[in-house]
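Chain by chain, the residues run as shown.
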Amino acid sequence: MDDEYDVIVLGTGLKECILSGALSVAGKKVLHMDSQKFYGGETASLTPLSQLFDKFNRSMPKEEIEKRFGRERDWNVDLVPKFIMAGGNLVKILIGSGVTRYLEFKSIGGSYVYRGNKIYKVPCDEKEALNSSLMGLLEKRRFRNFLLWVQDFKIEDPKTWKGIDPQKNTMTEVYQKFGLDANTADFVGHAMALEINDSYKDQPFGQTVEKIKLYNESLSRYGKSPYLYPLYGLGEIPQGFARLSAIYGGTYMLDKPIEAIVYDDEGVVKGVTSQGETARAKIVLGDSSYFPDKVKKVGQVVRCICLLNHPIPNTADAPSCQIIIPQNQVNRKHDIYVACVSYDNFAAAKGFFIASVMTTVETSNPEAELKPGLNLLGPIMEKFVSVSDLNEPIDDGSKSKVFIPKSCDALSHFNKDCQDIEDLYERITGEPFDFSKLQTQIETHE
């Protein structure tokens, strides 16, 4: 190992790889290490399918797997299933970094919301809104007026506020102003603004309206839904940023056991020891599993990966989709998310589907909490349940120079993960994560 680096990155999850790539582009000398043999960390896509069975200690002979599930190398199963908002910051990072040259994306087939034991398609255009059974005729008119207001709303321009203040008035007051009923508010807040529970209703409305604007902007790009998904699974994204880092001089070492994190007498990190050698660095960035003494558990996520040989019922045979179950529909504090991909996304063998159900744990029986989502799937061939801790760093890293990303949450999109990436980049470099600056640096390099 080279003696001295600006940054050592531990772990090859999505956040670590994006930051490794961005820091390399910014001129930092980066050493990237992982004790695992494959890219992706907790955000890996497992292939062949036998890897999934092995991970959950349910080994099955290749012949039996292929007899039941088709060619096992056609499967790419995400451990942390998420979709990408088409107008969101992850797309800006991907475009700004040029990593899109290594990836192909496909629009997700549709977005659905659960209400009264049924699922309804979230309207993606005016025609669908008029035909939707989510709302009655008068409610549709009120909803249309609300969306027109959202479209024109600019938080910096009081003329667009229409008499309500985004810093003072709550989202409940917005719903009241436009006469929207509780059911409409439910799908606006949870399926469009992607709020995780109803506490947002009592907060100033500015942030929620900005989220609805992002949803509408993302939807207008592709039409069927606001979400994108990379062909061959989410594990392609960390690999794309690993390539970017390597182009800019980053050094990668997989399957390297991490023996010790080295600190000076003041508790400031000095390097990382692996196989008897110590690489020195001014900064260490790493997955929380490498720093058990520097993180706190703030909750848990339960996820269930289900293998199906049919599309999810009542989704018009969509090859991919998202379903959001708002928390108040099933007497919970957190929403339940269902994400489905298939052979159409090169995530499964032809004729097969992967449906993942996930939520934030609230009880001592996490799997039972997924029942409302599992009940929507129809017959399940195999299911794999995991419960993961949600960890956060106990400090901002300014003293120790150890920077730790938060664990991936139960949400089915990357919006909060991108906020964490941008926050970490600014804490490490002292500069904001500037997409246009990143693009300029790359163009200059080329």
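Basis of the calculations
Residues numbered from 1 in each chain as written. Predicted model: local features only at pLDDT ≥ 70, side-chain atom pairs only at ≥ 80, totals over all residues. Heavy atoms only, no water. UniProt positions renumbered as here; feature names shortened; annotations may be inferred. Helix = DSSP H or I, 4+ residues; strand = E, 2+ residues; numbered from the N terminus. Rg over C-alpha atoms; globule rule 2.2 N^0.38 Å. Buried < 20%, exposed > 50% of the residue type's maximum accessible area, 1.4 Å probe, protein only. Areas by Shrake-Rupley, 256 points an atom, 1.4 Å probe, with all protein chains shown as cover. Salt bridge = Lys/Arg side-chain N within 4 Å of Asp/Glu carboxyl O. Pairing = 2+ DSSP bridges. Axes fitted to C-alpha atoms, helices over the stretch in contact; angles between N-to-C directions. Parallel < 35°, antiparallel > 145°, perpendicular 65-115°, else oblique. Left-handed = near helix turned anticlockwise from the far one by under 90°. Contact = heavy atoms within 4.5 Å. Nonpolar A, V, L, I, M, F, W, Y, C, P; charged D, E, K, R; others polar. Domains from an automatic or database assignment. Buried area = accessible area lost by both parts, 1.4 Å probe. Polar contact = N/O pair within 3.5 Å; in protein donor to acceptor, adjacent residues only side chain to side chain. Core = buried A, V, L, I, M, F, W, Y, C linked by side-chain atoms within 4.5 Å. Expected span 1.5 Å × (residues − 1).

As annotated in an unreviewed UniProt entry, the protein carries the name Rab GDP dissociation inhibitor and is attributed to Nematostella vectensis. Comment text from UniProt for the protein, heading Subcellular location (unreviewed entry), reads "Cytoplasm". Taken directly from UniProt, the Function (unreviewed entry) text for the protein runs: "Regulates the GDP/GTP exchange reaction of most RAB proteins by inhibiting the dissociation of GDP from them, and the subsequent binding of GTP."

**Things to note about the overall build of the protein**
Each helix and strand counted, the protein has 14 helices and 19 strands in total. Relative to its length of 446 residues, the protein is compact, with a C-alpha radius of gyration of 23 Å against a globular reference of 22 Å. With respect to the three principal axes, the spread of C-alpha positions in the protein is 70 × 60 × 45 Å. Expressed as a percentage of the 446 residues in the protein, the buried residues total 56%. Looking at the protein as shown, the accessible area adds up to about 19200 Å², and 47% of this sits on carbon and sulfur atoms.

**As for the pattern of salt bridges**
When the charged atoms of two side chains lie near each other, side chains of opposite charge can form a pair. Enumeration over the complete set of coordinates arrives at 19 salt bridges. A salt bridge links Lys297 to Asp389; the shortest N-O distance between them is 3.6 Å. A residue pair is termed long-range when its members are at least 10 positions apart, and Lys297 in strand S14 (residues 295–308) and Asp389 in strand S18 (residues 382–393) qualify at 92 residues. Residue class for Asp389 comes out partly exposed when judged on its relative accessible area of 37%. The structure contains a network of salt bridges with shared partners spanning Lys15, Lys82, Asp409, Asp417 and Asp420.

**What to know about the pairing of strand S8 (residues 118–121)**
Within a regular strand, the side chains alternate between the two sheet faces. Of the pairings in the sheet, the one linking strand S7 (residues 111–115) to S8 comprises four bridges and is antiparallel in character. Paired with Tyr114 across the two strands is Ile119, which belongs to S8. Adjacent in sequence and paired antiparallel, S7 and S8 are bridged by two residues, among which Gly116 carries a positive phi angle near 55°.

**A short note on the packing of helix H1 (residues 14–25) against helix H10 (residues 236–247)**
Remark: H1 packs on H10, axes separated minimally by 8 Å, with the N-to-C direction vectors making an angle of 20°. Classified by the angle between their axes, H1 and H10 sit roughly parallel to one another. In terms of crossing hand, the pair formed by H1 and H10 is left-handed. Contacts from Leu14, Cys17, Ile18, Ser20, Gly21, Ser24 and Val25 of H1 reach H10 at Ile237, Pro238, Phe241, Leu244 and Ser245. The class makeup of the residues in the contact of H1 with H10 is eight nonpolar, four polar and no charged.

**As for the domain arrangement of the protein**
Annotation of the protein at the domain level lists domain 1 (4–43 + 235–296 + 392–443), domain 2 (57–108 + 297–390) and domain 3 (125–221). Of note, the centres of domain 2 and domain 3, computed from C-alpha atoms alone, are 28 Å apart. The interface is formed by 13 residues belonging to domain 2 together with 14 residues belonging to domain 3. In this assembly, domain 2 packs against domain 3 so that about 1100 Å² is buried in total across both faces, 53% of it on carbon and sulfur atoms. Where domain 2 meets domain 3, there are zero salt bridges. The interface formed by domain 2 and domain 3 contains eight residue pairs in polar contact (both at pLDDT 80 or more).

**Notes on the sheet that holds strand S15 (residues 321–325)**
Spatial strand order, S8-S7-S15-S16-S17-S14-S18: seven strands in an open sheet with mixed pairing. Each having just a single partner strand, S8 and S18 make up the two edges of the open sheet. Adjacent strand axes in the sheet meet at a mean angle of 25°, parallel and antiparallel pairs treated alike. Here five bridges tie S15 to strand S16 (residues 336–342), and the two strands are oriented antiparallel to one another. Note that in S16 the partner of Ile325 across the bridge is Ile336.

**Focus on the nonpolar core**
One finds Trp75, Phe146 and Trp149 to be the most contacted residues of the largest nonpolar core, which totals 98 residues. Sort the elements by how many residues they give to this core and H1 lands first, with seven residues. Trp75 has contacts with Leu46, Thr47, Leu49, Phe69, Leu307, Ala347, Ala348, Ala349, Phe352 and Ile354, leaving out every residue within four places of it along the chain. Tyr112, Leu308, Val357 and Leu376 belong to the second largest nonpolar core, which has 24 residues in total.

**What to know about the pairing of S15**
Across the five residues that make up S15, a large majority, five, are buried. Burial along S15 is two-sided: Cys321, Ile323 and Ile325 and Gln322 and Ile324, pointing in opposite directions, are all buried. Bridge count between S7 and S15: three bridges; the pairing is parallel. Considered in S15, the bridge of Val113 is made with Ile324.

**Regarding H1**
Across its twelve residues, H1 extends 17 Å between first and last C-alpha, which sits within 8% of the 16 Å expected from 1.5 Å per residue. In terms of residue burial, H1 counts as a mostly covered element, since twelve of its twelve residues are buried. Looking only at H1, the buried set comprises Leu14, Lys15, Glu16, Cys17, Ile18, Leu19, Ser20, Gly21, Ala22, Leu23, Ser24 and Val25. Just downstream of H1, Gly27 is the residue with a positive phi angle, here 95°.

**Considering the sheet that holds strand S9 (residues 227–230)**
In space, the three strands of this open sheet follow the order S5-S9-S6, with antiparallel pairing throughout. Of all the strands in the sheet, just strand S5 (84–85) and strand S6 (105–107) have a single pairing partner and so form its edges. Across three bridges, the pairing between S6 and S9 is antiparallel. Considered in S9, the bridge of Ser107 is made with Leu228.

**Focus: the packing of helix H6 (residues 137–152) against helix H9 (residues 206–222)**
For the pair H6 and H9, interaxial distance at closest approach is 9 Å and the crossing angle is 95°. Put simply, H6 runs roughly perpendicular to H9. Residues Phe146, Leu147, Trp149, Val150 and Gln151 of H6 form the contact with H9, whose participating residues are Val209, Ile212, Lys213 and Asn216. Grouping the constituent residues of the contact of H6 with H9 by class yields six nonpolar, two polar and one charged.

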